[in-house]
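# Structural overview
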Amino acid sequence: MLILMIVFTFYPLINAFVISFYKDYLPLANDGAGSITGYTFANYSVILKNQLFWQSLKNTFVLALVSVPVSILISLFISVALKSIPKLKGFFQTVFFLPYVTNGIAVGMAFAVMFHRDYGLFNLILGWFNISPIDWIGGTASWWAQMGALMIFTIWESLAFKILVFTSGLQNIDKQYYDAAKIDHATKWTIFKRITVPLLSPLILYISITSMIGALKAYNSVIGLFGEKLGGQPYSMITIVAFVYKYRSDFSFQGFYSYAASAAIILFFITLIFSLIQTTVSKKRIHY
Amino acid sequence: MEIKMLDLTKIFISKDKREVHAVDHVDLTIPSGKLIGLLGPSGCGKSTTLYLIAGLLRQNVGQIYFGEDEVSDMPPEKRGIGLVFQNYALYPHMTVRENILFPLENLKVDKVEAKERTIEMANLVGLGEMLDRKPKELSGGQQQRVAIARALVKKPRVLLLDEPLSNLDARLRLQTREEIKRIQRETGITTVFVTHDQEEAMSISDEIVVMKDGVIQQMGEPQHVYDHPQNLFVAQFLGTPQINVFNGVIKNKKIFVNDMLISKTDLPDQPVKIGVRPEGFIVDLEKKSDFKFEIDLVETIGRDTTLIIEVPGNEGGLLDKITFKAIVDASLKIKAGDWVHFNVKPEKMHLFDLEGKLLK
């Protein structure tokens, strides 16, 4: 296990770190041994000046900071609601879990159809309320519309696992707390706020950290929804990981590999910082 | 507040689809301001009865009244009850103060008043110093008292306790049961508690209710029920060591066990079960009594000596092999292997028919 971890996790991580400091790295030169002309911080300064990198940061942050809390709230409500319909629970659990076992890109394509300007389900429903069709993901789509579509898709896709975790977490809460709260005249909302959420808080922290990491690594959803153009207009929905991929496979100039590595390292530190903030902030609010 | 139950019945459907009458046509009146122990072996329906009073379970048949007020179809929060759960169900993420305050917040009691009542309640249960601790920082007995404070702070009409002492160790149990008695007396609230421990029920209850298979066997003051059991079950359930039961016969107004004459009676001839409390034996030093046994084992603890006697089974008399215990004065210096003649105190002997009904 440790050897596998070293080969597939630690070595690539350290190597990416090293590569991000290579100057003029040509990985395929010298029969695959690669060639460099020295070490430099320039890779970082180059991507920090890159407009596209800032675009990817903005997209990723907006996506992560909105989709994670919203999806946690929705999945909490759904889990609690499922608890109150024990007979249909199994059925709905399966329904809600289906997205988890379905390929993200395939689902993304299905969503792309639903977001279609002329034939899509979303505009059809909006039409019932006399709202004129919105171009969600096409060439004329605004950044907001695209982000909205991506957000809806991301939240929907991430609900499955959260609901699974929360429903099993709810099962572990002693029923007597609810009986006690009921006798103590607590309303349903009070019970949710004062009993359920605090008692689930360790799970909520776990879910918020893992899904924050997942959201910061968003890529599949963008490809699935917008295709390789990464947006209605090329690159308008680019994320950090998509940025890494773009440069990793861009052979048009020297050092592309190191740019990708630098962006990946920046993402690594962003993720680290986010996780640290979450653990610190939540320390006072988590009840084990 | 007097609690009255009329024809109360609760039916559960078991796994193999059979109906189980957990509470079976119970008529019971619990007098106001008293501490009542609901007592019985596990599965006798005592906890179900408590939960029916609380409203956490709904009866299939019957009515429940609190005083003049019918509460049969009210949800638990409307009934004005305080319930202490077996494992206390204290909210683990809240401090003692928050736990006690919680019902008052939900009832939207004025903040200043709520604060005062919380402190008053914490003082009543002796936890005034511990208000800012979390439940897991308290001992079992202290948690128990927080649960009682939380149940009482909203001034309920009735206090219900589910196996209040079963999660405590022996020493705390003694302490806590005194504490419960004191709190009940100070507040004067009608209190019902459930227990399977007869000693616990007998020691603090004003009255006990003995249940079996969903049916009330007997209700009354603990000592009265102990001295006058209405059937064999009640006689056997109350008292440690258990009452000794002999198979015997009544012939010509004389009671025999194994052809040994024990006592006299006015009852007609019939086979009987004879219950004799361990403390109901008197050693006949003149050895005139017909009722004699060889002693197998002697246990002396403090001022009492327990004689343990194994009677081998034989046909005709004592049908089953039985072991019986007699508690006698330690000063008699009886040793294992001695033959001892007994007389039986009439008030400690109860005669039952073969179904276990008391013969009068």
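Residues numbered from 1 in each chain as written. Chains lettered and ligands numbered in written order. Predicted model: local features only at pLDDT ≥ 70, side-chain atom pairs only at ≥ 80, totals over all residues. Heavy atoms only, no water.

## Here's the deal with the overall build of chain B
Secondary structure assignment for chain B yields nine helices and 21 strands. Dimensions of chain B along its principal axes, counting C-alpha atoms only, are 75 × 45 × 35 Å. Out of the 360 residues in chain B, the part that is buried amounts to 52%. Considering only residue pairs separated by 6 or more positions, chain B has 65% of its internal contacts joining residues 24 or more positions apart. Accessible area of chain B: about 17100 Å², with a carbon and sulfur share of 49%. Charged side chains of chain B number 48 positive and 53 negative; the gap between the two group centres comes to 3 Å. (Helix = DSSP H or I, 4+ residues; strand = E, 2+ residues; numbered from the N terminus. Buried < 20%, exposed > 50% of the residue type's maximum accessible area, 1.4 Å probe, protein only. Contact = heavy atoms within 4.5 Å. Areas by Shrake-Rupley, 256 points an atom, 1.4 Å probe, with all protein chains shown as cover. Lys, Arg positive; Asp, Glu negative; His and termini not counted. Charge placed at Lys NZ, Arg CZ, Asp CG, Glu CD.)

## Things to note about the domain arrangement of chain B
Residues and elements named next belong to chain B. Under the domain assignment, chain B is made up of domain 1 (3-237) and domain 2 (244-352). Taken over C-alpha atoms, the centre of domain 1 sits 40 Å from the centre of domain 2. Interface area for domain 1 against domain 2, summed over the two sides, is near 680 Å², with a carbon-plus-sulfur share of 58%. Three residues, Y226, L232 and A235, lead the burial of domain 1 against domain 2; their summed loss comes to 66% of the area buried on that side. Linking domain 1 to domain 2 there are three residue pairs in polar contact (both at pLDDT 80 or more). (Domains from an automatic or database assignment. Buried area = accessible area lost by both parts, 1.4 Å probe. Polar contact = N/O pair within 3.5 Å; in protein donor to acceptor, adjacent residues only side chain to side chain.)

## Section: the side chain of K181 of chain B
Residue and element names in this part refer to chain B. If you trace the backbone, K181 turns up in helix α6 (residues 170-187). In this structure the side chain of K181 is engaged in a polar contact, spanning 3.1 Å, whose partner is the backbone oxygen of I204. If we skip the residues at most four places from it in the chain, K181 touches L35, I204 and D206.

## Here's the deal with the pairing of strand β18 (residues 304-311) of chain B
Residue and element names in this part refer to chain B. For β18, the buried fraction is high: six of the eight residues fall into the buried class. Following strand β17 (residues 297-301), the chain reverses through two residues before pairing antiparallel with β18; G302 in that reversal takes a positive phi of roughly 60°. Sheet topology places β18 next to strand β19 (residues 322-329); eight bridges connect them, and they run antiparallel. The partner of I308 across the bridge, within β19, is K325. (Pairing = 2+ DSSP bridges.)

## As for the interface of chain A and chain B
Taken together, the contacts link 18 residues of chain A with 23 residues of chain B. Counting each side, the surface lost to burial between chain A and chain B is near 1900 Å², with a carbon and sulfur contribution of 60%. Among the residues of chain A in contact with chain B, I183, D184 and H185 of chain A are the three that bury the most area, contributing 35% of the side total. Our enumeration of links across chain A and chain B arrives at three salt bridges. The interface formed by chain A and chain B contains 10 residue pairs in polar contact (both at pLDDT 80 or more). Of all the elements in the fold, those that place two or more residues in the side of chain A that touches chain B are α8 (175-183) and α9 (188-216) of chain A. (Salt bridge = Lys/Arg side-chain N within 4 Å of Asp/Glu carboxyl O.)

## A word on unusual backbone geometry
The bulk of non-glycine residues show a negative phi, and the bulk of peptide bonds are trans. Between T240 of chain B and the following residue, P241 of chain B, the backbone shows a cis peptide bond with an omega angle of -10°. Mapped onto the secondary structure, P241 of chain B falls in the loop between α9 (232-237) and β11 (244-251). Even without being glycine, N130 of chain A reaches a positive phi, approximately 60°. Examined against the element boundaries, N130 of chain A turns out to sit in the loop between α6 (121-128) and α7 (143-171). With phi around 55°, K155 of chain B is a residue other than glycine that occupies positive phi space. Here K155 of chain B shows up in the loop between α5 (140-152) and β7 (158-162).

## Quick notes on helix α3 (residues 51-83) of chain A
Counted at 1.5 Å a residue, the expected span for α3 of chain A with its 33 residues is 48 Å, and the 48 Å between its end C-alpha atoms agrees. For α3 of chain A, the N-terminal capping position is held by N50 of chain A, with its side-chain oxygen 2.8 Å away from the main-chain nitrogen of L52 of chain A. (Expected span 1.5 Å × (residues − 1).)

## Examining the nonpolar core
Ranked by size, the top nonpolar core spans 101 residues in total, and within it I195 and L225 of chain A together with I3, L83 and L160 of chain B carry the most contacts. Those residues in contact with L83 of chain B, other than ones at most four positions away along the chain, are I183 of chain A together with L50, Y51, A54, L56, A151 and L160 of chain B. In terms of nonpolar packing, the next biggest core, distinct from the first, is built from 35 residues, V96, V109, A147 and F193 of chain B among them. (Core = buried A, V, L, I, M, F, W, Y, C linked by side-chain atoms within 4.5 Å.)

## Some remarks on the sheet that holds strand β14 (residues 270-276) of chain B
Sheet strands associate in pairs through backbone hydrogen bonding, adopting either a parallel or an antiparallel arrangement. All names here are of chain B. Across the sheet, five strands lie side by side as β13-β12-β11-β14-β21; this open sheet has antiparallel pairing. The strands lining the two open edges of the sheet, one partner per strand, are β13 (260-264) and β21 (349-352). Going from strand to strand, the sheet's axes swing by 40° on average, the running direction of each strand aside. Sheet analysis places β11 next to strand β12 (residues 254-257), joined by three bridges and oriented antiparallel. If you follow K251 over to β12, its bridge partner there is K254. (Axes fitted to C-alpha atoms, helices over the stretch in contact; angles between N-to-C directions.)

## Some points on the sheet that holds strand β4 (residues 61-66) of chain B
Residues and elements named next belong to chain B. If you trace the four strands from one edge of the open sheet to the other, you get β2-β1-β4-β5, paired in antiparallel fashion. Each having just a single partner strand, β2 (19-30) and β5 (69-70) make up the two edges of the open sheet. Set on the sheet, helix α1 (residues 46-54) makes contact with β1 (3-13), β2 and β4; between it and β1 the angle comes to about 115°.

## Structural notes on the pattern of salt bridges
One pass over the structure, following the stated rule, counts 15 salt bridges over all chains. Put simply, K154 of chain B and D184 of chain A hold a salt bridge, and the shortest N to O gap is 3.3 Å. With K154 of chain B in the loop between α5 and β7 and D184 of chain A in the loop between α8 and α9, the pair connects residues from two separate chains. When sorted by exposure, K154 of chain B lands in the same class as D184 of chain A, which is buried. A salt bridge links E286 of chain B to K288 of chain B, with the nearest nitrogen and oxygen atoms 3.4 Å apart.

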